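Per-entry structural report
Each chain, letter by letter, is given below.
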Amino acid sequence: MTRRSVVNLVCLWNRAGSLLHGNSLRPIHTSICNTSSQPKAGFKPEKVAVVTKTTRYEFEQQRYRYAGLSEEDLKQLLAMKGSSYSGLLERHSIHTNNVEHIVKSLRREDIEVRVVKRGEYDEEVVRWADAIISAGGDGTMLLVASKVLSKDKPVVGVNTDPERSEGHLCLPVRYTRAFPEALEKLCRGEFRWLWRQRIRLHLEGTGINPTPVDLHEQQLSLEQHSQAHRITTMDSQRRTGTLHESFSKPNLLPIRSLNEIFIGESLSSRASYYEISVDDGPWEKQKSSGLSICTGTGSKAWSYNINKLVEQAVEEVLKIGKSQTGLDIPLDRDFIEKVTDEYNESLVFSPDDRRLFYSIREPIVNRVFSSSRQRGFASKS
């Protein structure tokens, strides 16, 4: 009997995130979608948006476009920076060919297709499409998912450069070239819905920017640095009673986070000051490099790298434990590797888990600020 493989189709639900209340975090309620993981029938969308990544070659072209550089100028400039023009062009061609392959496969099935660059991807595109395909890597997939506010609109990731991109959130790499096969499986119902928890975020307080800034498209300018400094100064004045301003109403950000949210200073060199309460526990005043809150999907990404242990650290801790207790703790390589792996695996949890995992980055502890727990799970956050 032939075994048939099954495609995973991602659908997204929303988990309530945290209120940034002045300098403190307040909990809000959660909403969970209870839906069967198995499709009742085949899925064939009428309209599909294909969102493509910006390749490094395109980025460099756009970066120097207004300087009037020719292709030869760009080639020489990249060589001066230690980058290979031919290498970037080759990766760009691989990505472009795979995008064309996806689009042609969809149109052969009489599916209406819109191809949009990540900078053109907006709410109108999301409303138009019955399903959205992310053509790139994990970064493109995260961007695509962030703007899909409905839990009923599927998102499919296709890795368009498997040799250079991990594509953890994308279809298995063989479907990059065999995309028609994946499409047939969707039409026949040979797939599972893969539900992934997401985070929505309300902002409340003073100095809140009503228009979110996409840092992928726009790096902080000098004016924005100056504005961030003015906001910080104004917050200090409000705490001392020297400045008064009306408190803003809760503002729901127009995005949903699939991996994690990070709360911290816009200027990364500054420490963050805030108060935090986990699961209706006591409030704690903290000073740190910021706070990360992740979903199960994000537990394999930044959060994992923030909290993971390396074998060197585990070995040193075990040596101290052995010397302090006199216990016969083995220090061979296999045992150290096993302990390290078991701890690191405990940091990863299921994408549909209702809990969130928080991490305090580099907490500063002194007589004013404390950090009773640096990391942990939370049902409310």
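Before reading further, recall that the structure is shown in the block above.
Since this is a predicted model, take the numbers as computed values, not measurements. Position labels on residues start from 1 in each chain and follow its written sequence. Reporting in this predicted model follows two pLDDT cut-offs: at least 70 for local features of residues, and 80 or more for side-chain atom pairs to be given and counted; totals over whole chains, interfaces and linings ignore these cut-offs and use all residues. By convention in this description, side-chain values take in all heavy atoms of the structure and omit both hydrogens and water.

1. Considering the packing of helix α3 (residues 85-108) against helix α7 (residues 179-188)
For clarity, the threshold we go by: Helix axes use the C-alpha atoms of the stretch in contact, all axes being lines fitted to C-alpha atoms, and the angles between their N-to-C directions lie in the range 0 to 180 degrees. Going along the chain from the N terminus, every DSSP run of H or I of four or more residues is numbered as a helix, and every run of E of two or more is numbered as a strand. To sort the angles, those under 35 degrees are grouped as roughly parallel, those over 145 as roughly antiparallel, those from 65 to 115 as roughly perpendicular, and the leftovers as oblique. Crossings are assigned a handedness: left-handed for a near helix turned anticlockwise from the far helix by less than a right angle, right-handed for a clockwise turn. The contact definition used throughout considers only heavy atoms, calling two residues in contact when any of these lie within 4.5 Å. The classification used treats Ala, Val, Leu, Ile, Met, Phe, Trp, Tyr, Cys and Pro as nonpolar, Asp, Glu, Lys and Arg as charged, and all other residues, Gly among them, as polar.
Where α3 contacts α7, the axes come no closer than 9 Å and their chain directions differ by 40°. For the element pair α3 / α7, the angle class is oblique. In this structure, the crossing between α3 and α7 has a hand that is right-handed. Across the interface between the two elements, His 101, Ile 102, Ser 105, Leu 106 and Arg 108 from α3 touch Phe 179, Pro 180 and Leu 183 from α7. Split by residue class, the contact of α3 with α7 holds 5 nonpolar, 2 polar and 1 charged.

2. A closer look at a negative patch on the surface
In plain terms, the rule: Patches were defined on residues exceeding 30% relative accessible area and lacking a salt bridge, with like-charge contacts within 9 Å and nonpolar side-chain contacts (Val, Leu, Ile, Met, Phe, Trp, Tyr) within 5 Å. Exposure was quantified through the Shrake-Rupley algorithm and a 1.4 Å probe, taking into account, for residues, occlusion by the shown protein chains and nothing else. Note on definitions: salt bridges are taken to be side-chain nitrogens of Lys or Arg within 4 Å of carboxyl oxygens of Asp or Glu. Charged residues are defined narrowly, with Lys and Arg counted positive, Asp and Glu counted negative, and His plus the chain ends left uncounted. One atom stands in for each charge, and that atom is NZ of Lys, CZ of Arg, CG of Asp or CD of Glu. Classification of residues uses two cut-offs on accessible area relative to the type maximum, computed with a 1.4 Å probe and protein chains only: under 20% is buried, over 50% is exposed, and between them is partly exposed.
On the surface, Asp 332, Asp 334, Glu 337, Asp 341, Glu 342 and Glu 345 cluster together to form a negatively charged patch. Along the chain, Glu 337 turns up in helix α11 (residues 333-345). With a relative accessible area of 34%, Glu 337 lands in the partly exposed category.

3. Remarks on the side chain of Arg 196
Defined as follows: Counted as a polar contact is a pair of N or O atoms within 3.5 Å, where, for protein atoms, one must be capable of donating a hydrogen and the other of accepting one, and residues adjacent in sequence contribute only when both atoms are in side chains.
Along the polypeptide, Arg 196 turns up in strand β7 (residues 191-204). Buried charge without a salt bridge: Arg 196, with Asp 138 as the nearest opposite-charge side chain at an N-O distance of 8.3 Å. One polar contact links Arg 196 to Thr 297, side chain to side chain, over a distance of 2.9 Å.

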